[in-house]
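Take a look at the letters that make up each chain.
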Amino acid sequence: MTKVIRVGVIGVGHLGRYHAQKYAAMEHVHLVGVADIDEQRVQTVARETDTTPYTDFRRLVDAVDAVSIVTPTTSHFEVGIYCLEQGVDVMMEKPITSTLKQADALVALAEERGRILQVGLVERFNPAMRAAQKRLTLPLFIEAKRVGGFTRRATDVDVIIDLMIHDLDIILSLIKSPITSISAAGAPVLTPHTDIANAHLIFANGCTANITASRISQVVERRMRLFQPGECLIIDFHGKKCSSMQLPANDCADTVTPTISELEVELTDALEQELLEFISCVRTRRAPVVTGAQGRDSLAVALAIIAAVKKNTQQLIHTLCAAEAGGTVLRQRLGLYCESKPN
Ligand code: NAD
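Residues numbered from 1 in each chain as written. Predicted model: local features only at pLDDT ≥ 70, side-chain atom pairs only at ≥ 80, totals over all residues. Heavy atoms only, no water.

Caption draft 1: Expanded view of the pairing of strand β13 (residues 241-246). Across 5 bridges, the pairing between strand β12 (residues 231-236) and β13 is antiparallel. Residue Ile 234 lies in a different strand from β13, and its bridge partner there is Ser 243. What sits between the antiparallel neighbours β12 and β13 is a turn of 4 residues, in which Lys 240 has the positive phi angle 55 degrees. Bridge count between β13 and strand β14 (residues 259-262): 4 bridges; the pairing is antiparallel. Paired with Met 245 across the bridge in β14 is Ile 260. (Pairing = 2+ DSSP bridges. Helix = DSSP H or I, 4+ residues; strand = E, 2+ residues; numbered from the N terminus.)

Caption draft 2: Structural view of the sheet that holds strand β5 (residues 89-93). The parallel open sheet is built from 6 strands, whose spatial order is β3-β2-β1-β4-β5-β6. Each edge of the open sheet carries a strand with a single partner, namely β3 (52-54) and β6 (117-120). Between one strand axis and the next, the sheet turns through 25 degrees on average, direction left out of account. With 4 bridges joining them, strand β1 (residues 5-10) and strand β4 (residues 66-69) adopt parallel strand pairing. Across the sheet, the residue bridging to Val 9 is Ser 68, located in β4. Helix α2 (residues 39-48) rests against β2 (29-35) and β3 of the sheet, and its axis sits at about 160 degrees to β3. (Axes fitted to C-alpha atoms, helices over the stretch in contact; angles between N-to-C directions. Contact = heavy atoms within 4.5 Å.)

Caption draft 3: Looking closely at the site of the ligand. Around the ligand there are 20 residues in total, and His 14, Leu 15, Asp 36, Glu 93 and Lys 94 lie nearest to it. Taking His 14, its main chain carries an N or O atom lying 2.9 Å from an oxygen atom of the ligand. Within the side chain of Asp 36, one N or O atom sits 2.6 Å away from an oxygen atom of the ligand. Within the complex, the protein chains bury 77% of what would otherwise be the 840 Å² of accessible surface of the ligand. When the residues that make up the shell around the ligand are grouped by side-chain class, the tally is 7 nonpolar, 8 polar and 5 charged. (Near = heavy atom within 4 Å. Polar contact = N/O pair within 3.5 Å; in protein donor to acceptor, adjacent residues only side chain to side chain. Areas by Shrake-Rupley, 256 points an atom, 1.4 Å probe, with all protein chains shown as cover. Nonpolar A, V, L, I, M, F, W, Y, C, P; charged D, E, K, R; others polar.)

Caption draft 4: Layout of the packing of aromatic side chains. Under the criterion given, the structure shown has 2 aromatic pairs. Measuring from ring centre to ring centre gives 5.6 Å for Phe 57 and Tyr 82, while their planes differ by 90 degrees; the resulting arrangement is edge-to-face. Within this pair, whereas Phe 57 is found in helix α3 (residues 57-61), its partner Tyr 82 is found in helix α4 (residues 76-85), the two being separated by 25 residues in sequence. Seen from their ring centres, Phe 141 and Phe 227 are 5.9 Å apart, and the 70 degrees between their planes marks the pair as edge-to-face. Here Phe 141 is found in strand β7 (residues 141-147), whereas its partner Phe 227 is found in strand β11 (residues 221-228), with 86 residues between them in sequence. Overall, Phe 141 belongs to the partly exposed group, its relative accessible area being 33%. Here Arg 58 stacks its cationic end above the ring of Tyr 82, 5.4 Å away from the centre of that ring. A cation over a ring is seen here: Arg 146 above Phe 237, with NZ or CZ 5.0 Å from the ring centre. (Phe/Tyr/Trp six-rings, centres within 6.5 Å; stacked < 30°, edge-to-face > 60°. Buried < 20%, exposed > 50% of the residue type's maximum accessible area, 1.4 Å probe, protein only. Lys NZ or Arg CZ within 6 Å of the ring centre and 35° of its normal.)

Next comes the structure, spelled out in structure tokens:
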């Protein structure tokens, strides 16, 4: 008989509610409860998913085998450490933590206690990505663009941590070679954090990646182009499509137009696949597709990009602040960028 895995969801705001819904619908999984410090919110989601509400996550942890942690990033470390110490497996939403020191401690504790630590970098489970993966040989050049309209959610962090980290995770999972150079630029436009950014990564094996992320675009586009010998794979994460651009076989004409063919994409739900993967790892004790260590590595690159952007932008902002009479308004709006003087 298949063992029933007892799960809980900690933090049932925008995304946590979907985690709870997915678990509630899974076979051989019992959603024991949901926890949130917002009493009204936790009551609503518990009613919707026919489970028990908790306002103190520690009480829920006592009764489960595994949890999803879907609280704001600043609390990931504290909640994650508690869960791992209690012997519970953890599905941590991205980014793993706010700092590398915290990420290292979390990964080490999971290892020491023999616990599963999966990180919610959900685009790995996007069916378009999975279709591309079957065709990938040797990516030489990668272009990624992830842009969308402005919403108030997640504007307390850089767009690099909020959106670009998904592409960084995918690229790091594909290119098994150290990064030799990172250059980046970006700007705070509607918030005091970077709202639009571009990063250029070079790997020791010669592969190059050019990545753009924006949360102040008028259109939604989440695309990655992977150029490899003889072919370009085009992944549309938003539309869940994947196509291949190649030269037609045996065409000797002077002007050759590449052909574009659609790859077969099995239309699955990425979040559901991600949580099924977590449950499977909890059951079988195998390592997840997105490990805590990989979540830590994508955070490390994201933080390096943030540092590169800030270095570039501080000079620009100081120039602007100096040009403006007194610079006060600009300094207030862009406080984070004006904290330190440029070199
Ligand atoms: P949200 O603000 O909508 O929800 C967070 C919830 O956590 C709130 O209901 C809040 O009351 C609750 N909370 C805060 N501290 C708590 C605590 N100590 N114990 C219990 N509950 C607590 O945020 P969101 O948009 O759902 O994002 C949550 C996390 O998910 C963030 O880390 C974010 O980066 C991540 N996220 C990932 C993706 C993705 O694509 N993988 C997308 C969106 C959000």
